[in-house]
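This is what each chain is made of:
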Amino acid sequence: MRILIVGAGIAGLAARRALVRRGFSVKVIERTRSAGLGGAGLFLPGNGVRALCDLGLRDGLFLLSHPVNAQRFYDERGRLLTEVDTNAYWQGVAPCRAIRRSDLWQLLNDGMDPSDIEFRQIVGIASSPDGCHVAFADGGMDAFDVVIGADGVNSLVRGLAFNPPVTPEYVGNVCWRFIVPNTCSVDEWSVMLGADRSLLAKPISKTELYIYADISVDQAAARDYSQETALLPLFGDMAGPLRPALELSSEALVHFGELVRLQLGSWYQDRVVLVGDAAHASPPSMAQGACLAVEDALVLAEELAASPSIERALGRYQDRQKVRADWVHRQCAARDKMRRLPPALRNMLLGFAGGAIYRRSYRPLKKPL
C-alpha cells in the first residue's frame, strides 16, 4: 500500500508515526520548511496524553511537558468560581500536561526517517475507488492507494478532493497566544472570564507561562485586530496577577487568529481521507485540537492495518472518530454560549455547577478509542 500524507504538522506527523508503527511505508509532503517552528503552547487533557503514550512517546512527553494538576475558573475580578482536580478526574486515563507546540512537533518527529518528508506542494488529485493520482507544483505526478489530508483547517486536499467545498465558519472571537517568562507566580491552569473576553494562563515549564486571550467581535470588526494589537488596554482591567505577562507581550512572539469551526458530513472521498483540523477544526474551548488529531492517527492506522478493504477501513475510522469530534463541537458551542451569558448568571452557574459541567463535557472522551 502506498500512502501519502499531505501536511507535516501535529496531525501529519502523528499519522506518519502511527502508520509506521503498524508496518506501513509512508511519504509526507509539506509546502513550508517552517512546519515545526513557531506556535505557542498546548494544553493536553488526559485523552490526548493517553493517545501520545499509545504512540510510544510517554517518556519524552513527560520529560518535555509540565503537569496540569488543576483547572481554576475566576471571574473578571479574580474571584475563584470553581476548581477542578484534574488528577482525580482523569485518573485511569492519563494526567493532563502542558507543552510547547514546537516541542510536541519535535517529539512526534524524533526517531522517524527524515527522508520520509519532501518539501513540495500538491496541486491536483484525481481520486477514484481504486486509488489517487496526485499532481505536484514542480510538475511531478505520482499514484497512491491512500492520500491523507493533514494540512489544517484551510486544507488544500479538502478543497481539491471534496465536493461541494466546505469552508470554515467564524465563531465570533479573535484570539492571541504567546509565551513569556512566568513572573506572575501562576502555578496552575487559570482562566479569568469577562463579559466578552477571557484571559487564560498555564505554566508550560518551571519558568515559562503560556497566555491565551480572546475577545468577542463580529466578523466585520475582526479586521481591526492583529498580532500587533496592544493587549494591556483590552485586558488590563481584568488581568489581576497576569498583568506582568500582558506587559511582556510586546516582547513576545504573538500569534493572532480568528476562531473558526469546521464540520463535514464525511471525512473521506474515495481514497482521500482527512485527519485533524482538516476534518473537524473546532474552537479551543475543549483543548482538543491536538488530542483529536493524535487519536485520528491511531484509529486510522489501526483500521488500515486490520481491514482487507481500504474503503471499509476509512468508513470504520470515520465511524469511530466522528462521534468524538461531533461531541467536542457540541461542547465547544455550549461553553461559548455559557460564556456569553450575563456575567452574574454565568458566574452563578460556574460557582454552583462548574465541576459537574466539566465532568459531563469530557466524560465521553475518557472512554477508550
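Note: the structure precedes this text.
Now for a description of the structure that goes with this document. Not measured: the values here are computed from a predicted model.

### A look at the side chain of R158
Now for step 1: Along the polypeptide, R158 turns up in helix α6 (residues 156-161).
Now for step 2: Here R158 is buried and forms no salt bridge, its nearest opposite-charge partner D151 lying at an N-O distance of 6.5 Å.
Now for step 3: Discounting chain neighbours no more than four positions away, the residues touching R158 are G152, V153, V166, P168, L262, L264, L274, D277 and A278.

### Looking at the side chain of H280
Now for step 1: In this structure, H280 sits in helix α10 (residues 277-280).
Now for step 2: Leave out the neighbours within four places in its chain, and H280 touches L262, W267, L292, D296, A325 and H329.

### Topic: a nonpolar patch on the surface
Now for step 1: Together, L345, M348, L349 and F352 make up an exposed nonpolar region whose accessible area comes to about 420 Å².
Now for step 2: Tracing the backbone through its elements, the reader meets F352 in helix α13 (residues 343-366).
Now for step 3: A residue is classified by how much of its surface remains accessible, and F352, at 75% relative accessible area, is exposed.

### Examining helix α1 (residues 10-21)
Now for step 1: Relative to the 16 Å expected for 12 residues at 1.5 Å per residue, α1 spans 17 Å between its end C-alpha atoms, a close match to the ideal helical length.
Now for step 2: Burial of α1 is extensive: 10 of the 12 residues sit out of reach of the surface.
Now for step 3: Taken together, the buried positions of α1 are occupied by I10, A11, G12, L13, A14, A15, R16, R17, A18 and L19.
Now for step 4: Immediately beyond the C-terminal end of α1, within one or two residues, lies G23, with a positive phi of roughly 95 degrees.

### Concerning a positive patch on the surface
Now for step 1: Together, R330, R359, R360 and R363 make up a positively charged patch on the protein surface.
Now for step 2: Tallying contributions element by element places α13 first for the positive patch, with three residues.
Now for step 3: Structurally, R359 is set in helix α13.

### Some details on helix α12 (residues 310-339)
Now for step 1: A rise of 1.5 Å per residue sets the reference length of α12, with its 30 residues, at 44 Å; its end C-alpha atoms lie 43 Å apart and thus fit the reference within 8%.
Now for step 2: If you look at α12, its biggest bend is around 30 degrees, right at Q321.
Now for step 3: Between the side-chain oxygen of the N-cap and the backbone nitrogen of E311 there are 3.4 Å, and the N-cap of α12 in question is S309.

### Considering the pairing of strand β7 (residues 97-100)
Now for step 1: In the sheet, strand β3 (residues 41-44) pairs with β7 via four bridges, with the strands oriented antiparallel. Bridging from a neighbouring strand, G41 pairs with R100 of β7.
Now for step 2: Bridge count for strand β4 (residues 66-67) against β7 is two bridges, and the pairing is antiparallel. Opposite H66, over in β7, you have A98 as the bridge partner.

Quick notes on the rules
Residues numbered from 1 in each chain as written. Predicted model: local features only at pLDDT ≥ 70, side-chain atom pairs only at ≥ 80, totals over all residues. Heavy atoms only, no water. Helix = DSSP H or I, 4+ residues; strand = E, 2+ residues; numbered from the N terminus. Buried < 20%, exposed > 50% of the residue type's maximum accessible area, 1.4 Å probe, protein only. Lys, Arg positive; Asp, Glu negative; His and termini not counted. Salt bridge = Lys/Arg side-chain N within 4 Å of Asp/Glu carboxyl O. Contact = heavy atoms within 4.5 Å. Patch = residues over 30% accessible without salt bridge, like charges linked within 9 Å, V, L, I, M, F, W, Y side chains within 5 Å. Areas by Shrake-Rupley, 256 points an atom, 1.4 Å probe, with all protein chains shown as cover. Expected span 1.5 Å × (residues − 1). Charge placed at Lys NZ, Arg CZ, Asp CG, Glu CD. Bend = angle between axes of the 7 residues up to and from the residue. Polar contact = N/O pair within 3.5 Å; in protein donor to acceptor, adjacent residues only side chain to side chain. Pairing = 2+ DSSP bridges.

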